[in-house]
Amino acid sequence: MSFIQHNRQQNSLHSSAYYRRIAISGKISFPLLLWMCILFIAVSLLITFYGQHVRQQTLELLDVRLSSQAHLRINALKEPIDNLQRNARFLTSVPPVQGIVRATLNNGFDAQENSALETWQNRLSRIFVGFATANPDVIQIRFIGVADGGKELLKIDRSAGQILLSSPSELQSKDTQKFFQKTIQLKQGEVYISDIHLNRENNQITVPHLPIIIASTPVFSSEGKLFGIIVINAKA
């Protein structure tokens, strides 16, 4: 056998061995590739499921927290409103209120208690001042009659750290105000609560601006006739 033929034979053997290795390698890599694909899909599904689970838990936790915060805020708002309602009912029930009603309906004299209208007004003004002193959030208390265009009968204001009684010339008519119109439609013991708004005097917003809330309740005579309303303005 010549040298050239020997080389050709050796090259042929090497080529056959090389192609057999490729074939064997191909047979091994396909199952491995399939297994890797299955593993990848399984891991992806697991991550997706876990992500959805974590996301759902996060949303549920957020919902619980929001509900809790909303409940706390509702309670925080409800308590001062409940207090305002109780205070309005209390001020309506003090004896000078009915004394003023009786005296006003009897030409300025209360025959039941043998007292003049001015006496009852002085007593009620002292109650208003004492009540505002004990309740720093209260900025104004009024007793308003339904007669004479809803004229204020008695009024105290908190101003510059002092509680002042308004003079007769400072008293205003309030029959066009929303709180007045709403309150005179209520039954005894019911209380109107306004929206929060900026305080006004003589239909002008006061400066500095002061957000307030109004609580008002009707006052009836002993015969059940509407006489007026008690109004509390408080800081909101």
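See the structure above.
The structure reproduced in this document is the subject of the present report. Predicted model, so just to flag it, every value in this text is computed and none were measured. (Residues numbered from 1 in each chain as written. Predicted model: local features only at pLDDT ≥ 70, side-chain atom pairs only at ≥ 80, totals over all residues. Heavy atoms only, no water.)

1. Some thoughts on the environment of Leu-153
Move 1: The topology assignment puts Leu-153 in strand 4 (residues 152-159).
Move 2: The spatial distance from the C-alpha of Leu-153 to the C-alpha of Leu-171 is 7.1 Å, given a sequence separation of 18 residues.
Move 3: Those residues in contact with Leu-153, other than ones at most four positions away along the chain, are Gln-121, Phe-143, Ile-144, Gly-145, Leu-171 and Phe-227. (Helix = DSSP H or I, 4+ residues; strand = E, 2+ residues; numbered from the N terminus. Contact = heavy atoms within 4.5 Å.)

2. Thoughts on the side chain of Ser-115
Move 1: Its place among the elements puts Ser-115 in strand 2 (residues 115-116).
Move 2: Here Glu-113 takes part through its backbone oxygen, which lies 3.0 Å from a polar atom of the side chain of Ser-115.
Move 3: Dropping the residues within four chain positions of it, Ser-115 is found in contact with Phe-109, Asp-110, Trp-120 and Arg-123. (Polar contact = N/O pair within 3.5 Å; in protein donor to acceptor, adjacent residues only side chain to side chain.)

3. Considering the pattern of salt bridges
Move 1: One pass over the structure, following the stated rule, counts six salt bridges.
Move 2: A salt bridge links Glu-152 to Arg-142, with the nearest nitrogen and oxygen atoms 3.3 Å apart. One end of the pair, Glu-152, is in strand 4; the other, Arg-142, is in strand 3 (residues 138-145), with 10 residues separating them in the sequence.
Move 3: Using a relative accessible area of 2% as the deciding quantity, one classes Glu-152 as buried.
Move 4: Accessibility expressed as a relative area gives 4% for Arg-142, which makes it buried.
Move 5: Taking the shortest distance from any N to any O, the salt bridge between Asp-157 and Lys-155 comes out at 3.9 Å.
Move 6: A residue is classified by how much of its surface remains accessible, and Asp-157, at 18% relative accessible area, is buried.
Move 7: The network of salt bridges with common partners includes Arg-142, Glu-152, Lys-155, Asp-157 and Glu-201. (Salt bridge = Lys/Arg side-chain N within 4 Å of Asp/Glu carboxyl O. Buried < 20%, exposed > 50% of the residue type's maximum accessible area, 1.4 Å probe, protein only.)

4. Focus: the packing of aromatic side chains
Move 1: All chains considered together, the criterion is met by two aromatic pairs.
Move 2: Ring geometry for Phe-90 versus Phe-131: centroids 6.3 Å apart, planes at 25 degrees, classification stacked. Here the residue Phe-90 occupies a position in helix 1 (residues 3-93), and Phe-131 occupies one in helix 3 (residues 117-134), the gap between them amounting to 41 residues.
Move 3: Taking the relative accessible area as the measure of exposure, Phe-90 reaches 43% and is therefore partly exposed.
Move 4: A centroid spacing of 5.9 Å and a plane angle of 50 degrees characterise the contact between Phe-143 and Phe-227, whose relative ring orientation is tilted. Highlighted residues: Phe-143 in strand 3 and Phe-227 in strand 11 (residues 226-235), separated in sequence by 84 residues.
Move 5: Among the residues examined, Phe-143 registers a relative accessible area of 0% and is labelled buried.
Move 6: Using a relative accessible area of 10% as the deciding quantity, one classes Phe-227 as buried.
Move 7: Over the ring of Trp-120 we find Arg-123; its NZ or CZ atom is 4.7 Å from the centre of that ring. (Phe/Tyr/Trp six-rings, centres within 6.5 Å; stacked < 30°, edge-to-face > 60°. Lys NZ or Arg CZ within 6 Å of the ring centre and 35° of its normal.)

Shape descriptors only; they carry no functional weight alone.
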